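Here is how the chains run, residue by residue.
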Amino acid sequence: MLSVKEKYKQIIPELQKKLGVANRMQLPRLNKVVINMGFGIVDKDVIKKRVEGLAKLAGQRPVITKARKSISNFKLRAGMSIGAKVTLRSHRMYEFLDRFINAALPRIRDFRGLSVRGFDGRGNYTMGIKEMDIFPEIDPNELAGSQGMDITIVTTADSDEHAREMLRLLGMPFGG
C-alpha cells in the first residue's frame, strides 16, 4: 500500500493533465492538517483524557484552547479550557492522512463518502467526525464519553475544483 506522500508523487503527471498546468510548481500541494476538538465545560480529568487521545491520534501534543470571554448563560468564564487543537505538517501530516483515509474512514458506520460541500472557496477542505474511536489507535474504554472533532486539510490550491481533484487522486472517497 502506497503512502499518501508516495501517491502524490505518482499522481503529478495525471494532475497536470487534468488541471491543464504546464509547470509542476503550480500544482496544488498539501500544506497542513489541523485537528480541532471542542469539548465544552467538563472536568479536568475528562479534559486530560481527551487531550491524551488527541495526542495519540496526531503524534504530537495538542494546544489547549481557552474561552476568550465569559458567557453567564453557559456558565463559561474567560480562560476556561474548552477545546484542543493540533496542527500537523510534513511527515506527521502525511502519516495522519494515510491512517485517516485507509484505516479510519472505512470504520465509519453507513459511510457513503465524504461531502463535497466541505470546501471553503479557497481550496481548503473541512470535515466533521462524530466519534474519535474510528481511529485504530484510540481505545474506546479510555475515552470519557463520545468525542467528535473537525479535521481541516489546508492546500495551496487556488480553487475548490483543483483541491477536490488532488484529494480525489490521493484517495479521499468523496460521495454526494
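Residues numbered from 1 in each chain as written. Predicted model: local features only at pLDDT ≥ 70, side-chain atom pairs only at ≥ 80, totals over all residues. Heavy atoms only, no water.

A. Local environment of the packing of aromatic side chains. All chains considered together, the criterion is met by four aromatic pairs. Look at Phe-119 and Tyr-125: their rings are 4.7 Å apart centre to centre, the planes differ by 45 degrees, and that puts the pair in the tilted class. Each member of the pair, Phe-119 as well as Tyr-125, carries the same accessibility label: buried. Classification of Phe-119 as buried rests on a relative accessible area of 10%. Through a chain of ring-to-ring contacts, three or more aromatic side chains come together here, namely Phe-119, Tyr-125 and Phe-174. (Phe/Tyr/Trp six-rings, centres within 6.5 Å; stacked < 30°, edge-to-face > 60°. Buried < 20%, exposed > 50% of the residue type's maximum accessible area, 1.4 Å probe, protein only.)

B. Representation of the environment of Ala-157 within the structure. If you trace the backbone, Ala-157 turns up in the loop between β5 (149–155) and α4 (160–170). Residue classification places Ala-157 among the buried positions, given a relative accessible area of 7%. Spatially, the C-alpha atom of Ala-157 lies 8.6 Å from that of Gln-26, the residues being 131 residues apart in sequence. Not counting residues up to four positions away in its chain, the partners in contact with Ala-157 are Pro-28, Arg-122, Gly-123, His-162 and Ala-163. (Helix = DSSP H or I, 4+ residues; strand = E, 2+ residues; numbered from the N terminus. Contact = heavy atoms within 4.5 Å.)

C. Just the nonpolar core, in detail. Judged by nonpolar contacts, the single largest core of 49 residues is most densely connected at Leu-30, Ile-35, Phe-100, Phe-135, Ile-151, Leu-167 and Met-172. Going through the elements one at a time, α1 (4–19), β1 (30–38), α2 (44–58), β3 (81–88), α3 (90–104), β4 (125–129), β5 and α4 are the ones with two or more residues in this core. Among the elements that line this core, the one with the most residues is α3, at seven residues. Every residue in contact with Ile-35, bar those within four places of it in the chain, is listed here: Leu-54, Ala-58, Ala-84, Lys-85, Val-86, Leu-88, Phe-96, Met-149, Asp-150 and Ile-151. (Core = buried A, V, L, I, M, F, W, Y, C linked by side-chain atoms within 4.5 Å.)

D. Structural detail: the side chain of Gln-16. Secondary-structure assignment places Gln-16 in helix α1. Look at Gln-16 and you get buried, because its relative accessible area is 15%. Among the polar contacts made by the side chain of Gln-16, one reaches the main-chain carbonyl oxygen of Ala-22 at a distance of 3.0 Å. Among all residues touching Gln-16, those that are not within four sequence positions of it are Val-21, Ala-22, Asn-23, Arg-24 and Leu-27. (Polar contact = N/O pair within 3.5 Å; in protein donor to acceptor, adjacent residues only side chain to side chain.)

E. Quick look at the sheet that holds β1. Spatial strand order, β2-β3-β1-β5-β4: five strands in an open sheet with antiparallel pairing. Of all the strands in the sheet, the pair left with one neighbour each is β2 (63–66) and β4. For this sheet the average axis-to-axis angle between neighbouring strands, irrespective of direction, equals 25 degrees. Inspection of the sheet shows β1 paired to β5 by six bridges, in the antiparallel sense. Residue pairing in the sheet places Ile-35 in a bridge with Ile-151 of β5. (Pairing = 2+ DSSP bridges. Axes fitted to C-alpha atoms, helices over the stretch in contact; angles between N-to-C directions.)

F. Spotlight on a nonpolar patch on the surface. On the surface, Ile-41, Ile-71 and Phe-74 cluster together into a nonpolar patch covering about 290 Å² of accessible area. By the secondary structure assignment, Phe-74 is in the loop between β2 and β3. (Patch = residues over 30% accessible without salt bridge, like charges linked within 9 Å, V, L, I, M, F, W, Y side chains within 5 Å. Areas by Shrake-Rupley, 256 points an atom, 1.4 Å probe, with all protein chains shown as cover. Salt bridge = Lys/Arg side-chain N within 4 Å of Asp/Glu carboxyl O.)

G. Examining the pattern of salt bridges more closely. Tallied over the full model, the rule gives three salt bridges. Between Lys-18 and Glu-14 there is a salt bridge, with its nearest N and O atoms 3.7 Å apart. Taken together, the residues span about one helical turn, with Lys-18 and Glu-14 both in helix α1 at a distance of four residues. Under the relative-accessibility criterion, Lys-18 is labelled partly exposed at 47%. One salt-bridge network, held together by shared partners, links Glu-14, Lys-18, Glu-165 and Arg-168.

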